[in-house]
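Coordinate inspection notes
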Amino acid sequence: DIVMTQTPLSSPVTPGQPASISCRSSQSLVDSGGNTYLSWLQQRPGQPPRLLISKISDRFSGVPDRFSGSGAGTDFTLKISRVEAEDVGVYYCMQAQLPYTFGQGTKLEIK
Amino acid sequence: QVQLQQWGAGPLKPSETLSLTCAVYGGSFSGYYWSWIRQPPGKGLEWIGEITPSGNINYNPSLKSRVTISGDTSKNQFSLDMMSVTAADTAVYYCARGNGWFGAFDYWGQGTLVTVSS
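Along each chain, numbering runs from 1 in the same order as the chain's sequence is written. The naming scheme follows written order: chains are lettered A onward, ligands numbered 1 onward. Under the rules for a predicted model, residues below a pLDDT of 70 receive no local features and side-chain atom pairs below 80 are neither given nor counted, while totals for whole chains, interfaces and linings still include all residues. The basis for the side-chain values is all heavy atoms of the structure; hydrogens and waters are excluded.

The next thing to look at is the sheet that holds strand β6 (residues 67-72) of chain B. All names here are of chain B. Between any two strands, at least two bridges found by DSSP are needed for them to pair. Strands are runs of DSSP state E lasting at least two residues, helices are runs of H or I lasting at least four, and both sets are numbered from the N terminus onward. One open sheet accounts for 4 strands, arranged β1-β2-β7-β6; its pairing is antiparallel. What marks the edges here is a single partner per strand, and that holds for β1 (3-8) and β6. Direction aside, neighbouring strands of the sheet carry axes that sit 15° apart on average. Judged from the 6 bridges that link them, strand β2 (residues 18-25) and strand β7 (residues 77-82) form a sheet pairing that is antiparallel. Within β7, the residue paired with leucine 20 across the bridge is leucine 80. Axes, fitted as lines to C-alpha atoms, cover a helix only where it is in contact. Angles between the N-to-C directions of the axes lie from 0 to 180 degrees.

Only heavy atoms matter for contacts: two residues are in contact if any of them lie within 4.5 Å across the pair. Listed by partner, the interface residues are 19 residues for chain A and 25 residues for chain B. Buried area is understood as the total, over both parts, of accessible area removed when two parts are fitted together, assessed with a 1.4 Å probe. Between chain A and chain B, a total of about 1700 Å² is buried, with carbon and sulfur atoms accounting for 67% of that surface. By the criterion of area lost to chain B, the three top residues of chain A are Phe60(A), Tyr100(A) and Phe102(A), representing 32% of everything that side buries. Note on definitions: salt bridges are taken to be side-chain nitrogens of Lys or Arg within 4 Å of carboxyl oxygens of Asp or Glu. On inspection of chain A and its partner chain B, the count reaches 0 salt bridges. Here a polar contact means two N or O atoms within 3.5 Å. Within protein one must be a hydrogen donor candidate and the other an acceptor candidate, and residues neighboring in sequence count only if both atoms are side-chain atoms. Remark: the boundary between chain A and chain B carries 4 residue pairs in polar contact (both at pLDDT 80 or more). Taken together, the elements giving at least two residues each to the side of chain A that touches chain B come down to β4 (38-43), β5 (50-54) and β9 (89-95) of chain A. When residues are sorted by character, Ala, Val, Leu, Ile, Met, Phe, Trp, Tyr, Cys and Pro go into the nonpolar class, Asp, Glu, Lys and Arg into the charged class, and all the rest, Gly among them, into the polar class. Residue composition of the side of chain A that touches chain B, by class: 13 nonpolar, 4 polar and 2 charged.

Glancing now at the side chain of Thr36(A). Residue and element names in this part refer to chain A. Looking at the secondary structure, you find threonine 36 in the loop between β3 (19-25) and β4. Type-normalised accessible area, obtained with a 1.4 Å probe on protein chains alone, sets the label of each residue: buried when under 20%, exposed when over 50%, and partly exposed for intermediate values. Among the residues examined, threonine 36 registers a relative accessible area of 12% and is labelled buried. Each residue touching threonine 36, except ones within four places of it in the same chain, is listed here: Leu29, Val30, Lys55, Ile56 and Phe76.

In this section: the pairing of strand β8 (residues 91-99) of chain B. Taken residue by residue, a regular strand's side chains alternate between the two faces of the sheet. Residues and elements named next belong to chain B. Within β8, 8 of the 9 residues are buried, which leaves the element mostly enclosed by the surrounding structure. In the sheet, strand β3 (residues 33-39) pairs with β8 via 7 bridges, with the strands oriented antiparallel. Looking at β8, one finds that glutamine 39 is bridged to valine 92. Note: β8 against strand β10 (residues 112-114), 3 bridges, orientation antiparallel. Bridge pairing in β10 places valine 92 opposite leucine 113. Strand direction decides the pairing type here: β8 and strand β9 (residues 104-108), joined by 4 bridges, are antiparallel. Of the residues in β9, the one forming a bridge with alanine 96 is tryptophan 108.

It is worth spelling out the environment of Glu84(A) at this point. Residue and element names in this part refer to chain A. Tracing the backbone shows glutamate 84 in the loop between β8 (75-80) and β9. Separated by 56 residues in the primary sequence, glutamate 84 and serine 28 have C-alpha atoms spaced 33 Å apart. The contact partners of glutamate 84, leaving out residues within four places of it in the chain, are Arg66 and Ile110.

Shown next as C-alpha cells:
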C-alpha cells in the first residue's frame, strides 16, 4: 500500500495569515496514463470530509480560490493564502491507486 | 445536487454483522465508483472498498476477508456488510462517490456511527 505522510500534524494559524500542509507519498503517484490522482479534503468538526482539490491542483466546485495545491511525483502541498475562521478543521491528502489511502490528517487551528 | 443518504442498524455486539446501505439522489448511479470509508473516533480515514462503473468490486486487502459490498442499480443504492465485528470496528462509516475524472471522492454521505460493544 502507498503510505501518505502529512506534515505538520497540527498547525495553529493567525487569521489572515497563510498556511501550508505537506503530503509525501511512499512511491510516485504518477499512473501508467501519466495522471497524478492526489486530492485534498477538508473535514470540519462533526462533518463528513469535503473535497477541496483533485489532481494535485484542480479546485472543486465552490472551493474558495484561497486554497491551492501544487506538487509532483511524491511531494505535494496544500496552501491557504489567508486563513479564515471557517477553515478550522482537519485536512487530509488522498491518493487514488488501489487500495486508496489517506494521510493521517493535519489539524488546522486558529491562534 | 447529488446527495448520499445512508442508514444501518446499530449498536452491535462482537461477532455480529454490520450492515449499511447508501442511496444516491440527484445524480446518475452509473459511470461512478461507489465506496465505503470509515473513521474510528478521533482518528483518520480508512478506505474499505468500492463498486466500479463496470460492477466490479475492489476491497482493501486488510478487510477483504470480512467485507461484502453490493449494488442495486435499479434503486441507486449500494450496501456494505462486515461480518464478525469487534470493538476495533467501532467507527463512523461513510459512503462516498468516486469520480474517475477527478480521481477523488467528490460527494459524501453524512456518516453513520457504528458502535461495537458487549
